[in-house]
Amino acid sequence: MAAKTNFDVIVIGLGGMGSATAYWLAQRGQQVLGLEQFTPPHNQGSSHGKSRIIRQAYFEHPSYVPLVLRAYELWQQLEEETEQSILSLTGGLMLGQADSVIVQGSLHSAQQHGLAYELLDTANIRKRFPLLSPDPETVALYEPNAGLIRPEIAISAYLQRAAQLGATLHYQEPVLDWQATDQGVRVITASAQYEAAKLVIAPGAWATQMLKLDLPLVVERQVLFWFEPISDLEQFNAEHLPIYVWETQDGTQFYGFPADNNPSAGVKVAFFRGGQIQQSCTPETIDRTVHKSEIERMRRCLQQYIPTLNGQLVDATTCMYTTTPDEHFVIGLHPHFPHVVIASPCSGHGFKFASVIGEILADLAIKAGTHYSLELFQPSRFECSATPVSHQ
């Protein structure tokens with residue numbers, strides 16, 4: 001029997017957003033083809049690293065809050081369907097000076113949406129979380145419903161369910177090109193050609209090659225670290241240390257997690273934004289080596305703010321953020337091709353939303369609209385002309 005080449009919807013990219021989209025489309029009875037150049041979950045893009053923060057008091061913009069609240073529901077639904085541990089609530093600290101972006105933005109979102117939170121001064125931070133060493137100007141917003149998502153488990157779970165619901169998933173099949181046709185779209189891969197009524201592109205760091213849009217994107221190399229604490233590892237469990245995002249006086253933002261259940265895994269910490277030289281790259285040119293100078297910079301930060309975490313380096317790896325100038329997402333219908341839906345980039349803070357973004361992309365593919373507000377994420381906010389696609 002010849003392989004099927006005609007589908008209702010094709011999804012390019014099966015990372016965080018694409019895997020969820022394949023699930024939602026299959027769940028709604030669509031004939032879905034998912035195409036992925038690697039074997040997911042993989043460590044070549046942006047959706048790896050064992051943990052991702054999820055939080056409700058969203059300092060980036062209050063418009064994200066309704067989406068993240070729905071994301072919580074959908075992650076819990078996925079856990080029930082697959083009996084996998086995907087979401088863990090640990091509480092969360094947003095730390096910085098009282099007028100910092102992190103503290104003020106979190107407070108604004110919490111108040112606007114009626115979220116549970118507490119404001120802590122320096123003394124209370126030290127008393128409740130003695131592992132942390134804030135300076136006298138540091139305050140914090142504590143939200144009890146923050147926590148972490150396990151990205152590799154989440155992606156695997158969505159792909160498992162998508163396949164069970166009838167989706168056709170092809171791994172290690174790079175997409176070379178896609179074209180608009182009178183009936184919809186045509187997708188050309190390294191081994192075949194497929195046609196569909198609709199196309200969803202969720203390419204992550206490959207956005208500039210795949211979207212056929214001249215968007216002002218920067219792909220940034222990021223480094224993730226896992227350190228062994230100097231003190232007892234149990235002190236870094238979730239009951240003692242929540243997830244945190246910390247903005248220091250020079251504008252540097254770093255973040256971290258409590259220890260997981262593996263004593264040899266170390267405790268994860270990384271820089272987020274500001275106060276550092278961002279290394280722009282492409283997926284082909286990214287330096288995958290973690291250098292001694294980068295480790296030492298992280299150690300200086302830990303020595304100042306979380307000194308008992310500054311033990312042996314257990315592991316380190318790289319990932320990529322694909323960032324817009326305003327650091328918001330790009331989600332919507334392609335401005336030049338009405339049968340094409342796009343979802344990228346997510347500017348380094350998107351994985352927590354993957355469950356609900358998958359639902360949104362399915363809406364857009366099936367009915368060209370959604371009841372969720374996407375005003376903040378429209379591709380049309382940038383002056384973007386159509387461009388030829390480069391080969392992956």
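Student: Tell me about the overall build of the protein, and please be specific about residues and values.
Tutor: Of regular secondary structure, the protein possesses 8 helices and 20 strands. Relative to the compact-globule value of 21 Å for 392 residues, the protein shows a C-alpha radius of gyration of 21 Å, a close match. Its C-alpha atoms give the protein principal-axis dimensions of about 65 × 45 × 45 Å. Every one of the 392 residues in the protein was classed for burial, and the buried ones make up 57%.

Student: Just give me the short version of the side chain of Lys352, but keep the residues and values in it.
Tutor: Here Lys352 is to be found in the loop between strand 20 (340-343) and helix 8 (354-367). Among the polar contacts made by the side chain of Lys352, one reaches the main-chain carbonyl oxygen of His349 at a distance of 3.1 Å.

Student: I'd like a rundown of the packing of helix 1 (residues 16-27) against helix 8, residues and numbers included.
Tutor: When two helices pack together, you describe them by how their axes are tilted relative to each other and by the distance separating the axes. For the pair helix 1 and helix 8, interaxial distance at closest approach is 7 Å and the crossing angle is 55 degrees. By the angle between their directions, the pair helix 1 and helix 8 is classed as oblique. Taken as a pair, helix 1 and helix 8 cross one another with a handedness that is right-handed. Contact residues: helix 1 offers Gly16, Met17, Ala20, Thr21, Trp24 and Leu25, while helix 8 offers Ala354, Ser355, Ile357, Gly358, Glu359, Leu361, Ala362, Ala365 and Ile366. Here the contact of helix 1 with helix 8 is built from residues that sort into 10 nonpolar, 4 polar and 1 charged.

Student: Provide a residue-level description of unusual backbone geometry, including the pertinent values.
Tutor: Following Pro40, the chain continues to Pro41 via a peptide bond in cis, the omega torsion being -5 degrees. Here Pro41 is to be found in the loop between strand 2 (32-35) and strand 3 (52-54). Positive phi outside glycine occurs at Gln172, with the angle close to 55 degrees. As for its position among the elements, Gln172 is in the loop between strand 9 (168-170) and strand 10 (175-180). Judged by its relative accessible area of 61%, Gln172 falls in the exposed class.

Student: With reference to specific residues and values, describe the nonpolar core.
Tutor: Formed by 75 residues in total, the largest nonpolar core has its most connected members in Trp75, Tyr255, Ile331 and Phe353. Each residue touching Phe353, except ones within four places of it in the same chain, is listed here: Tyr58, Tyr64, Leu67, Val68, Ala71 and Phe329.

Student: How would you explain helix 5 (residues 151-164) if you had to name every residue and give the values?
Tutor: In a regular helix each residue adds 1.5 Å, so 14 residues correspond to 20 Å; helix 5 covers 20 Å between its end C-alpha atoms and thus fits that length. Within helix 5 the residues assigned to the buried category are Pro151, Ala154, Ile155, Ala157, Tyr158, Leu159, Arg161 and Ala162. On the buried face of helix 5, the contacting elements are helix 1, strand 3, helix 2 (64-82), strand 8 (147-149), strand 9 and helix 8.

Student: Provide a residue-level description of the packing of aromatic side chains, including the pertinent values.
Tutor: Considering all chains together, one arrives at 23 aromatic pairs under this definition. Relative to Phe351, the ring of Trp75 has its centre 5.9 Å away and its plane inclined at 15 degrees; by these criteria the two rings are stacked. With Trp75 in helix 2 and Phe351 in the loop between strand 20 and helix 8, the pair connects residues that are 276 residues apart, well separated along the chain. With respect to burial, Trp75 and Phe351 carry one shared label: buried. With a centroid separation of 5.0 Å and 55 degrees between ring planes, the pair formed by Trp246 and Tyr305 is classed as tilted. With a gap of 59 residues between them, Trp246 in strand 14 (residues 243-247) and Tyr305 in helix 7 (residues 292-305) connect regions that are remote in the sequence. Side by side, Trp246 and Tyr305 carry an identical accessibility label, which is buried. Above the ring of Tyr58, the side-chain terminus of Arg55 is found at 4.2 Å from the ring centroid. Across the ring face of Phe271, the terminal group of Arg297 is positioned such that the distance to the ring centre comes to 3.8 Å.

Student: An account of the environment of Thr138 is requested, with residue identities and associated values reported.
Tutor: For Thr138, the position within the fold is in strand 7 (residues 138-143). A relative accessible area of 3% means that Thr138 is categorised as buried. Sequence separation between Thr138 and Thr122 is 16 residues; the distance between their C-alpha atoms is 5.7 Å. A distance of 2.9 Å separates a polar atom in the side chain of Thr138 from a polar atom in the side chain of Asp135.

Calculation notes
All chains use their own residue numbering, which begins from 1 and follows the written sequence. Owing to the predicted nature of the model, reporting of local features is limited to residues with pLDDT of at least 70; listing and counting of side-chain atom pairs is limited to 80 or more, with chain, interface and lining totals taken over all residues. Where side-chain values are given, they derive from all heavy atoms of the structure, hydrogens and water being excluded. The secondary structure listing takes helices from DSSP runs of H or I that are at least 4 residues long and strands from runs of E that are at least 2 residues long, numbered from the N terminus. Note that the radius of gyration is over C-alpha atoms, with the globule rule given as 2.2 Å times the number of residues to the power 0.38. A 1.4 Å probe rolled over the protein chains alone gives each residue an accessible area, and that area as a share of the maximum for its type sets the label: buried under 20%, exposed over 50%, partly exposed in between. Counted as a polar contact is a pair of N or O atoms within 3.5 Å, where, for protein atoms, one must be capable of donating a hydrogen and the other of accepting one, and residues adjacent in sequence contribute only when both atoms are in side chains. Axis geometry follows a simple rule: fit a line to the C-alpha atoms, using only the stretch in contact for helices, then measure angles between N-to-C directions, giving values from 0 to 180 degrees. Angles below 35 degrees are treated as roughly parallel, those above 145 as roughly antiparallel, those between 65 and 115 as roughly perpendicular, and all remaining angles as oblique. A crossing counts as left-handed when the near helix is turned anticlockwise from the far one by less than a right angle, and as right-handed when that turn is clockwise. Contacts were defined at the residue level, with two residues in contact if any of their heavy atoms lie within 4.5 Å. Think of it as three bins: nonpolar holds Ala, Val, Leu, Ile, Met, Phe, Trp, Tyr, Cys and Pro, charged holds Asp, Glu, Lys and Arg, and polar takes everything else, Gly as well. Nonpolar cores were defined as sets of buried Ala, Val, Leu, Ile, Met, Phe, Trp, Tyr and Cys residues, with membership established by side-chain atoms within 4.5 Å. How far a helix is expected to stretch is found by multiplying one less than its residue total by 1.5 Å. Each Phe, Tyr or Trp ring (for Trp, its six-membered ring) is paired with any other whose centre lies within 6.5 Å, and the angle between the two planes then decides the class: stacked below 30 degrees, edge-to-face above 60, tilted in between. We count a charge as sitting over a ring when the NZ of a lysine or the CZ of an arginine lies within 6 Å of the ring centre and within 35 degrees of the ring normal.

Spatial relationships are all this shows, so hold off on functional conclusions.
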